[in-house]
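Listed below are the residues making up each chain.
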Amino acid sequence: MSGPADELAVEVVPDEVAVRLDAGTRAVLADPGWRKLHPVTPVLRAWKVVAAVLAVLVGQNLDDVLRLDLPGWVLALSILGGLLLLAVVGAVYSALAWRRTRYRIDAEAVHVERGIVWRQQRRAQLDRLQAVDVVRPLLGRLFGLAELRLEVAGGSGSKVSLAYLKEEEAQRVRNALLAAAAGVVVAEGEDAPEAPQREVVEVPATRLIASTLKSGMTIWMVVGLIGIGIGCWFARSLTPLFASGAGILGLVSAVWSRFNTGFNFTVADSPDGLRMTHGLLEQRSQTVPPGRVQALRITQPLLWRRSGWWRVEVNVAGYSSDSGSASEQSTTLLPVGTLEELGHVLGIVLPQLGTAHESPLEVVRAGLTGSGTDGGFTPVPRQARWLDLISWRRRGYLVTEHAFLSRGGRIVRGLDVVPHARTQSLGLTQGPLQRRLGLASVRLHSTPGKVTPRVDHLAEHVAARLLREQTERARVARAGSGPERWMTR
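Residues numbered from 1 in each chain as written. Predicted model: local features only at pLDDT ≥ 70, side-chain atom pairs only at ≥ 80, totals over all residues. Heavy atoms only, no water.

A. Structural detail: the sheet that holds strand β9 (residues 198-202). The seven strands are arranged β7-β6-β5-β12-β11-β10-β9 in an open sheet whose pairing can be described as antiparallel. Across the chains shown, the open sheet's two edge strands, defined by having one partner strand only, are β7 (160-166) and β9. Neighbour to neighbour, the strand axes of the sheet diverge by 20° on average, direction disregarded. One ladder, built from five bridges, connects strand β10 (residues 266-270) with strand β11 (residues 273-278); its direction is antiparallel. Paired with Thr266 across the strands is Thr277, a residue of β11. Helix α5 (residues 167-182) contacts β5 (129-136), β6 (145-152), β7, β11 and β12 (283-288) of the sheet and is inclined by roughly 170° relative to β5. Sitting on the sheet, helix α11 (residues 339-349) touches β9, β10 and β11, and the angle it makes with β9 is about 135°. (Pairing = 2+ DSSP bridges. Helix = DSSP H or I, 4+ residues; strand = E, 2+ residues; numbered from the N terminus. Axes fitted to C-alpha atoms, helices over the stretch in contact; angles between N-to-C directions. Contact = heavy atoms within 4.5 Å.)

B. Looking closely at the sheet that holds strand β21 (residues 439-445). As summarised here, the arrangement of the three strands in space is β20-β21-β22, forming an open sheet in which the pairing is antiparallel. Unpaired on one side and paired on the other, β20 (425-429) and β22 (454-459) mark the two borders of the sheet. Looking at each pair of strands side by side, their axes are set apart by 20° on average, direction ignored. Strand direction decides the pairing type here: β21 and β22, joined by four bridges, are antiparallel. Bridge pairing links Val442 to Val455 in β22.

C. Layout of the pairing of strand β14 (residues 310-316). For β14, the tally of buried residues reaches seven of seven residues, placing the bulk of the element in the interior. Both faces of β14 are covered, namely the face carrying Trp310, Val312, Val314 and Val316 and the face carrying Arg311, Glu313 and Asn315. Where strand β13 (residues 293-300) and β14 come together, six bridges link them in antiparallel fashion. Within the sheet, the bridge partner assigned to Thr299 lies in β14 and is Arg311. Looking at chain direction, β14 and strand β15 (residues 332-337) are connected through three bridges and run antiparallel. Across the sheet, residue Trp310 finds its bridge partner in β15, namely Gly337. (Buried < 20%, exposed > 50% of the residue type's maximum accessible area, 1.4 Å probe, protein only.)

Spelled out as structure tokens, the structure:
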């Protein structure tokens, strides 16, 4: 970002802290050097070791234990003794691991050393920092502790975790990291101040509950439970319940994850990026620096259409290694929001999507609800209806100065947005039926994540031209995107 972002960053810093935008030196902690994690860390880690071992032992040996011909008190004492032994072993191991773990932040990177038998050294480049999360698990909040997670662009295992720190310390380190990653420098011996924020979206609990009940996962879960109940009634046994238990538990877990992620969800704008706070049992504060969103998807299920609700998910480099509920939390930008709230979010994460005469929301409006050539989109040809009878009229793409937009979906409306500078590569595919109809599909490769941008069933010559032109746009955009330290641009 240019001029306005620089002015905002200088304006919000207290007068006593001298701020410079200098590519040669960058902000670090006021007290540099190696630092230890909080001494309570072994206690919080020990229970995880006990739970993991206990789950394996119980899952594999429960039947054998129940077959033992032992008095109840002997069996109970044996189990308690085993749990105590596991707790002691877990605590000792965690304590040793804590003693051998330390971290340091310099002008260029975060350095972490850990390991008992095998020493491991990690180095996370600050100019590759994609996001900073402050995670407060339920047990950690009892001790006033938090985990600091650094998402760094790279392959598998690029994430850096500092668990656990005092909440005040975690916030102080987060501020220093974001300042250093931006290229902001504070006076020697001073800590980077926390940038102010302006809250723009808050998701009410009533809306979250209603949207969860109207989601496809909840509907499939209810249908599955009804089907199992009918099966049990006809079979006169619980066999259908046990046979389908894993699937139902998976759906229940997915519904709970969706609700837990969206609970108390707020989105705020700040000079250091987009800030999101959310979570019921595990509270998470995420900060995504400017320009780090690789791709964005806006969706609207059929049952949300009457209420005018939309969901926004993103790809952020570094989050790709997450799985399950962690991925759900990391990639959700807006769990359920109105059209006005969607406009606020787009204005933060993709401010250049708009033009001098249109806001980002006005640019994407035709992609959200339109069809055919609405909004200047290039639609797919009529022969595409043989491969996509329901939503072929919705399919199409639009190229703006700064981004590529692809829309589709009739039952579940969807719009993918990829900034030209964030396009990793492109590909053209053509199946046997497409070849017969003279069609082809174009894929835009982003960082791994939930957003997989593509345009299916374009005319062959249109797809070839799009591939060629979009490749050139991406090359030019990357060349002119400037340094990763966004405050030095």
